[in-house]
Amino acid sequence: MPQQRPSDGQLVRDVQNGSMAALGVLYERHAAMLFRTAYRFAGNREDAEEVVQDLFVGLRDALSGYGERGRFEAWARRIAVRLAIDRRRRGTRRDRARPSTAPPLEARSDQSDSVDAVALAAALAELPDSLREVFLLREAEGLSHDEIGEILGIRPGTSMVRLTRAKKKLRRMLT
Amino acid sequence: MIRHPSFARLERFADRTADDRDRSRVAQHLASCERCRREIAALRALGRAAGELPTGGELPTDGFDRIRRRVEGGERVIVPTAVFEPPRAQGPRRWRTVAATAMALVLSVVVVSRMGNLEASDSTLELSPERPLAGAEIEATYRAGILLSGEERVVLRARLRKEGDAEPGTGPETRVLATLERADDGIYRGRFRLPDDMVYAALAVEATDGQRTDANDGRLWETWVHDASGRPTYAALLERTVDLGERNWELGHGVARELVTAYPDSVLGWRRLWLYERQLTPSSERDALERRMQEEFDRLHATWSGREEVPPVIAAELWQYAWGLAGGRLQAGEGSADNPDGEGSPMAWWRDRALRSGSTDSRVLAVRSIYNLIENLGDPARGLAVADSLWRAADAPDGQLIREADILARRSGDPAQVAKWLRRAVEAEPSDDVAVGRRLLALEGYEAEGVAMLEQAAARLARADDTARPLGASREAYREGLETRQGVVLTHLARGHLALGDTGAARAVLNDAARAPWDASILVGLAEGLLQLGDTAASIETFGRLAADPLRTEAFADSVRTRLGPVDAGAWSAAVERGRIEVVAHVERMTEPWALRSRTLTVTSAGSQRRDLRAEAEGRFAVVSLWSRSCGYSLGELPELRRLQEELTWRGIPHAAVTDPDDPRAIEQALEEWGAPDLDVVYDVDGEVGLGFNAWTTPSHYVLGPSGLVRYRARGTGHIDDVLRVVEVLSAREDGASDQNR
């Protein structure tokens, strides 16, 4: 009889019970996505890797606060964002990546518009952290302002205002 | 000249977060504006490009091996999991009883219905002795303004607080304390004795029929008990800070400071002070505040832990204080900065003291309830069993216990549990029957119980007597407020009857709701209910009346026509005209002209330019809003204030957001943090604006008419829509009148 693929919920319970195998499966499923997210906020590979490492090392303890509210992936992504933001703010890596040292871009979609992703990355690097974080969480991660507020500890209204200011500045920089 | 929507409006449109009104307006504008269409396209392109940003390449293949080694090596990493609760706008609401909250809600409904006039504020009330002992005899001397000077006698009505009224399960009572007779010199005098258990009273003077009230221009008068040395008692100051906090943030904050100065070992006093201070402290200074709070906790811990006898409630309060410092986090294990209630920590120490006391005081049981929630969130059945035992053991029904049990009940997925705790919520606070009724309606299998609960709520409002009338509200205004609230409840009740298939009962209830005073939410409920009954004609008529609300756009009328099919143009126009008459009458009941108290209203901009708002407003309508960085209510309402400014600018009506003299950088930071960075702010450097409007609290809003009279005043939060309605209705009416006179 074919084995059913365990759900994230089952894996979470197994991790809570100490299963390293279950932790490995969660890593296999979600680490790549978490790394991409962390990279956007941390700004460099090394910090992004450390974020993923720390998240999974601390996962078993952290799961006591999970309570199966919402999807595991969304919950883990929030943690990754916060870890990455904390790292960036602490300045763990002195040589933050600038666009000229960034890894080669992946192939862009043919539907890329008049805003060039490389130019956008450069412009984002010039934004204050508070505006860049909200922009990335909203536009790159697709989170709602309520969710952004929960991650950053700000009101949804403040999130909306910062997004507007971020876009205003980016528009000026990119035209 | 073409007026383009602001960047913020365009951005929200592009982001699809604009509300219906904005979306409709911007869409209309875009139909004929190439420039703004290009801006929308560019904003959306930004979003698409964000999805294509570099992602860092691939993870190393040995990533998990490294994780395994770290975990098996015993390494621990604490990762941030707590969901942040952004600062709330409600001010010191955590310690309000629900009854007090309900009273504040009624106050916010009725207080603008009858503003009173300035002559009333020229009155004085003196109470002797000024520093009474508990149960003292008081002589009252009242000098009336024009409002009450024609009365033979007046009554002194008071909101009386006793020790513990700020805590769950109890609340203040309002009643007449004395009758004051007018003497030949025109002065009213009387005597009364303070109730033995009264520690604080807020007072107003009224005509004997309750139709005219002098609330000292909204400030009320006060008295509170002192000890033999002339110092205010602890209970008096505590109740005073709670009472004041509901009507003037800054005064409430000041009394909280006074409380901890006079009673430095008061745990509850310090907790209340920090609630005020947290709200007002900008994020850049939050660390310093947290350090002060920690230092104070350490001192209180040392003081109280050294005493042999510590009341269980104090132990519970100390635990709550520590828990607040820990950001609400709990974790098993050794005590540390990352594990604030671990073994050996002060938090664990007070937890054990509170829980071992065996006290059934609800404040002590609240500690157990919090642990129950956190420990049993994964096993809600067990958590609910514990919650049940706490409920039975508690001295008084407790809102916090109920809220936590509600979370567990919802987590359990058992509607019977949800319903049980909803019933208990009403038992603890009867005025929660409306919210509970609505929730029961939405709970499968409990719709009939929801209907019964809403019927109970409607009946409660119908029989509400004068003892619940807020100070400063006339009987007429209070009755109107009750009828409005009842109308809202009836629309929910009608939905409930419809859900149960009882169209006859729904129709009867909607007929009753139709008699309520004008209220947009009632009209919406009425229109939707009639539509569900199949009475399209009546529904259209009601929607038509609603379309006359100046806050509704053309898009509303379009959406009604789209939804309901072809609408007879004549019938629609007649309905809109009826609605217009109703909303004008509603606005007229809220407005009463009075004169400013100063000839000029000079303000200073951030760039140090001085302006006279009065001169600028001459010949047209204008709005002045007062707010303060020292007022938590003002801060919470800043996004709404910004919306008001935008809306008025859109309408060509001048608006000034006036604040106290302050550091412009601090103001800018507050605006940024509270979501209103673009608010145009001016400063009342000379105090003329405060004097001119006789303003004593924030936030407050004033509509100035073309002749320079104040036409409308609102204090407190939640009045932005009313301000806009008043401006629209009065300016439309007076523009129409001036057109007719040409």
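Data block above holds the structure.
Residues numbered from 1 in each chain as written. Chains lettered and ligands numbered in written order. Predicted model: local features only at pLDDT ≥ 70, side-chain atom pairs only at ≥ 80, totals over all residues. Heavy atoms only, no water.

Enquirer: Please provide a residue-by-residue account of the overall build of chain B, values included.
Expert: Looking only at helices and strands, one finds 29 helices and 15 strands in chain B. Looking at the 742 residues of chain B, the share that counts as buried comes to 54%. Put simply, 67% of the contacts in chain B that link residues at least 6 apart link residues at least 24 apart. (Helix = DSSP H or I, 4+ residues; strand = E, 2+ residues; numbered from the N terminus. Buried < 20%, exposed > 50% of the residue type's maximum accessible area, 1.4 Å probe, protein only. Contact = heavy atoms within 4.5 Å.)

Enquirer: An account of the interface of chain B and chain A is needed here, citing residue identities and associated values.
Expert: At the interface, 51 residues of chain B touch 68 residues of chain A. Counting each side, the surface lost to burial between chain B and chain A is near 5500 Å², with a carbon and sulfur contribution of 61%. There are 7 salt bridges connecting chain B and chain A. In this assembly, chain B and chain A are joined by 13 residue pairs in polar contact (both at pLDDT 80 or more). (Buried area = accessible area lost by both parts, 1.4 Å probe. Salt bridge = Lys/Arg side-chain N within 4 Å of Asp/Glu carboxyl O. Polar contact = N/O pair within 3.5 Å; in protein donor to acceptor, adjacent residues only side chain to side chain.)

Enquirer: Account for the packing of helix α1 (residues 7–15) of chain B against helix α3 (residues 34–50) of chain B, with residues named and values stated.
Expert: Residues and elements named next belong to chain B. Two elements in contact, α1 and α3, have axes whose closest approach is 9 Å; the angle formed by their N-to-C orientations is 55°. On the basis of the axis angle, α1 is oblique to α3. Our pair here, α1 against α3, has a crossing hand that is right-handed. Note on element contacts: α3 touches α1 through Cys36, Glu39, Ile40, Leu43 and Arg44, opposite Phe7, Leu10, Glu11, Phe13 and Ala14. Per-class residue counts for the contact of α1 with α3 are 7 nonpolar, no polar and 3 charged. (Axes fitted to C-alpha atoms, helices over the stretch in contact; angles between N-to-C directions. Parallel < 35°, antiparallel > 145°, perpendicular 65-115°, else oblique. Left-handed = near helix turned anticlockwise from the far one by under 90°. Nonpolar A, V, L, I, M, F, W, Y, C, P; charged D, E, K, R; others polar.)

Enquirer: Break down the sheet that holds strand β14 (residues 700–704) of chain B for me, with residues and values.
Expert: Residues and elements named next belong to chain B. Read across the sheet, 7 strands follow the order β10-β9-β13-β12-β11-β14-β15 without closing on themselves; strand pairing throughout is mixed. Strands at the two margins of the open sheet, each flanked by one partner only, are β10 (610–612) and β15 (710–715). In this sheet, adjacent strand axes meet at a mean angle of 30° when their direction is disregarded. When β14 meets β15, the two strands line up antiparallel, connected through 5 bridges. Bridge pairing in β15 links Val703 to Tyr712. (Pairing = 2+ DSSP bridges.)

Enquirer: Please set out unusual backbone geometry residue by residue, giving values where relevant.
Expert: Residue and element names in this part refer to chain B. The omega torsion of the bond from Ser128 to Pro129 falls at 5°, within 30 degrees of zero and hence cis. Relative to the helices and strands, Pro129 is located in the loop between β1 (124–128) and β2 (137–143). The omega torsion of the bond from Thr698 to Pro699 falls at -5°, within 30 degrees of zero and hence cis. Within the secondary structure layout, Pro699 lies in the loop between α28 (688–692) and β14. The residue Asn216 is not glycine, and still its phi comes out positive at about 60°. Summarising the element assignment, Asn216 is placed in the loop between β7 (213–214) and β8 (221–224). Since its relative accessible area comes to 13%, Asn216 is described here as buried.

Enquirer: Go over the pattern of salt bridges with me, naming the residues and quoting the values.
Expert: Following the criterion strictly, the structure yields 86 salt bridges over all chains and no others. Residue Arg165 of chain A is joined to Glu672 of chain B by a salt bridge in which the shortest nitrogen-to-oxygen separation is 2.2 Å. Of the two residues, Arg165 of chain A sits in helix α9 (residues 156–174) while Glu672 of chain B sits in helix α27 (residues 664–673), which places them in two different chains. Looking at Arg165 of chain A, the relative accessible area reads 30%, which means it is partly exposed. The structure contains a network of salt bridges with shared partners spanning Arg9, Arg12, Arg25, Arg642, Glu646, Glu647, Arg651, Asp678 and Glu728 of chain B.

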